[in-house]
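Architecture at a glance
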Amino acid sequence: MVPAKQAEELILNLVQPFNIQDVEDVDLRSVRDRILAVSVTSHLDFPHWDNSAMDGYAVRFEDVKSASAEKPVVLEIVEEIPAGYQPQRSVKPGQAARILTGSVMPEGADTIVIQEETKREDEQVLILKPPIEPQAFVRHRGAFYQAGAPLLSAGLVLKAPEIAVLAAAQCSQVRVYRRPRVAILSTGSELVTPDQPLQPGQIVDSNQYALAALVEQMGGEAIPLGIVADQPEALKRTIADAVAIADVVLSSGGVSVGDYDYVDRILAELGAQIHIRAVAIKPGKPLTVATFPKALYFGLPGNPVSALVTFWRFVQPALKKLSGLPQGWEPTFVQAIAQQDLRSDGKRESYLWGQLHWVNDSYEFTIATGSSSSGNLINLAGTNSLGVIPIGQTQIMAGESLQVLQI
Ligand SMILES: Nc1nc2c(c(=O)[nH]1)N[C@H]1C(S)=C(S)[C@@H](COP(=O)(O)OP(=O)(O)OC[C@H]3O[C@@H](n4cnc5c(N)ncnc54)[C@H](O)[C@@H]3O)O[C@H]1N2
Ligand code: MOO
Ligand SMILES: [Mg+2]
């Protein structure tokens, strides 16, 4: 049994991240959560031109620096400059231009006096207070970004702020890494789909649905391959097909020591290199990790909670690295206060599902009510985290702190 941390490192080392061959151009409207594959520069300066940050008057600082309410400076208004208008007149000594937020600064003017510090009298404006400094409220061309400099770097996840920047830089098509293709199959002669009538002894294939949801949540393309009975030939054909079409293959079930647990044997027959057969975590011990020339294979355990725990702990980091994220692949744990006594047999690193809440300046972890059995998927619903009891430790008492993985 490989310790969990070591398994994580081993798996991450097996992953070849996407490179410049693994890209596609996507419409800006559809790039949310995708990963930028090339760095982006713009030929535009930001701001594109000197402009006003406020509604007011564009003036020459020299003219107004000694203005006061008692001795206002009177300026002649030569032009009105709404947003989107290119000024036609230059502001000469004794003159001002009416200007609105975002509008282009007229030639000759160097400072904005805000409207609240003026009094308008027809075609004249009285300046009642001197600006704090020359250039006050002027946003200068290129102050935020200069054309040609790196704007967004490759590897960024495109969320609202990055999408706004891309839009402003007029990038309507964006080069992003393609989605990882993840084939998912469920093994087990007892399995039926949710719409099939359930006969005695049968079980509904819930893993296929949960794993597809997780893959899609991670930005992957889930390729559902359905249920494969515990028959070596059928399983061999499906696995061979899966590794030919996918970057990652997830099977669930058939990896323990039972008479019908064929996955490891078939992987070996197909020429896979098997790197891991068991990990010291509970649930999730019988985890098989193998590589084919073009695909990474995870044989997840069949028990519903075990399949998901091994996904969160090991598949998720691998998918993050594969997808082109430059760092931050490892799961992040937070420190929380246990709300109940938590127990483990101490033989494996134990993951207990429950609720993590931020209460009074710290995280609190509450274990799910009901059985913490890897076959009980019912009380997994509504949970958001896994509390960890380290290997060799048999309990964490209420009030003590523990590491918790957010899921
Ligand atoms: N003698 C031993 N027996 C077992 C060991 C062991 O070390 N020695 N390990 C146990 C542990 S831990 C786990 S976890 C399971 C893993 O078993 P498999 O990966 O071989 O999975 P199966 O035997 O095929 O199924 C286990 C269980 O899960 C149900 N299942 C399977 N697939 C699905 C699915 N797609 N959706 C919902 N439920 C599924 C299946 O019906 C079984 O009930 O082995 C222990 N045994
Ligand atoms: O590891 Mo199994 O996943 O304990 O049930
Ligand atoms: Mg089994």
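Remember, predicted model here, so these are calculated numbers, not experimental data. (Residues numbered from 1 in each chain as written. Chains lettered and ligands numbered in written order. Predicted model: local features only at pLDDT ≥ 70, side-chain atom pairs only at ≥ 80, totals over all residues. Heavy atoms only, no water.)

Some words on the overall build of the chain
- A tally of regular secondary structure across the chain gives seven helices and 28 strands.
- Computed over C-alpha atoms, the radius of gyration of the chain comes to 31 Å, more than 25% over the 22 Å expected from 2.2 N^0.38 for 407 residues, which places it beyond the range of a compact globule.
- Taken over the C-alpha atoms alone, the chain extends approximately 95 × 50 × 40 Å along its principal axes.
- Residues classed as buried in the chain amount to 47% of the 407 residues present.
- Accessible surface for the chain amounts to roughly 20100 Å². Of this, 50% is attributable to carbon and sulfur atoms.
- Charged side chains in the chain number 33 positive and 45 negative. The centres of these two groups are separated by 3 Å. (Helix = DSSP H or I, 4+ residues; strand = E, 2+ residues; numbered from the N terminus. Rg over C-alpha atoms; globule rule 2.2 N^0.38 Å. Buried < 20%, exposed > 50% of the residue type's maximum accessible area, 1.4 Å probe, protein only. Areas by Shrake-Rupley, 256 points an atom, 1.4 Å probe, with all protein chains shown as cover. Lys, Arg positive; Asp, Glu negative; His and termini not counted. Charge placed at Lys NZ, Arg CZ, Asp CG, Glu CD.)

Topic: the sheet that holds strand β5 (residues 73–81)
- What the six strands build is an open sheet, ordered β7-β4-β6-β5-β9-β8; its pairing is mixed. Each of the sheet's edge strands pairs with one partner strand only, and the pair in question is β7 (111–114) and β8 (118–121). Taking the axes of each pair of neighbouring strands and ignoring which way they run, one obtains an average angle of 35° across the sheet.
- The pairing of strand β4 (residues 56–59) with β7 spans four bridges and is antiparallel. Each residue of the ladder has a partner; that of Gly 56, found in β7, is Ile 114. (Pairing = 2+ DSSP bridges. Axes fitted to C-alpha atoms, helices over the stretch in contact; angles between N-to-C directions.)

With respect to the pairing of strand β6 (residues 95–99)
- For β6, the tally of buried residues reaches five of five residues, placing the bulk of the element in the interior.
- Every second residue of β6 is oriented toward a common face, with Gln 95, Ala 97 and Ile 99 on one face and Ala 96 and Arg 98 on the other, all of them buried.
- Across three bridges, β4 lies against β6 in antiparallel orientation. From the neighbouring strand, Tyr 57 faces β6, where its bridge partner is Arg 98.
- Summarising the sheet, β5 and β6 pair through five bridges and their orientation is parallel. Counterpart to Glu 80 in the pairing with β6 is Arg 98.

Quick word on the site of ligand 1
- Glu 190, Asp 205, Ser 256, Lys 285 and Gly 302 are the nearest of the 23 residues found near ligand 1.
- Gly 254 has a polar backbone atom sitting 3.1 Å from an oxygen atom of ligand 1.
- Residue Lys 285 places a side-chain N or O atom 2.6 Å away from an oxygen atom belonging to ligand 1.
- Within the complex, 71% of the 870 Å² of free accessible area of ligand 1 lies under protein.
- More than half of the atoms of ligand 1 fall within 2 Å of the grid points belonging to the largest pocket. (Near = heavy atom within 4 Å. Polar contact = N/O pair within 3.5 Å; in protein donor to acceptor, adjacent residues only side chain to side chain. 1 Å grid on protein atoms, 1.4 Å probe; cavity = no way out; pocket = protein on both sides within 12 Å on 5 of 7 lines; lining within 4 Å. Sits in = over half its atoms within 2 Å of the grid points.)

Side note on the UniProt feature "domain: MoaB/Mog" (unreviewed entry) in the chain
- Within this structure's numbering, the places UniProt gives as "domain: MoaB/Mog" (unreviewed entry) are residues 183–321.
- Between the first and last C-alpha atoms of residues 183–321 the distance is 17 Å; the span itself is 36% helix and 27% strand. (UniProt positions renumbered as here; feature names shortened; annotations may be inferred.)

Here we look at the site of ligand 2
- Every residue near ligand 2 is listed here: Pro 283, Gly 284, Lys 285, Pro 286, Asn 303, Ser 306, Arg 348 and Ser 374.
- Gly 284 is positioned with one of its backbone polar atoms (N or O) 2.6 Å from an oxygen atom of ligand 2.
- The side chain of Asn 303 places a nitrogen or oxygen atom 3.4 Å from an oxygen atom of ligand 2.
- Counting atoms within 2 Å of the grid points, the majority share of ligand 2 lands in the largest pocket.
- The residue inventory of the shell around ligand 2, partitioned by class, reads two nonpolar, four polar and two charged. (Nonpolar A, V, L, I, M, F, W, Y, C, P; charged D, E, K, R; others polar.)

Quick word on the packing of aromatic side chains
- Across all of its chains, the model carries four aromatic pairs by this definition.
- With centroids separated by 5.9 Å and ring planes inclined at 65°, the aromatic side chains of Phe 46 and Tyr 145 adopt a geometry described as edge-to-face. With a gap of 99 residues between them, Phe 46 in the loop between β2 (40–41) and β3 (51–52) and Tyr 145 in the loop between β10 (138–139) and β11 (150–152) connect regions that are remote in the sequence.
- Residue classification places Phe 46 among the buried residues on the basis of a relative accessible area of 17%. (Phe/Tyr/Trp six-rings, centres within 6.5 Å; stacked < 30°, edge-to-face > 60°.)

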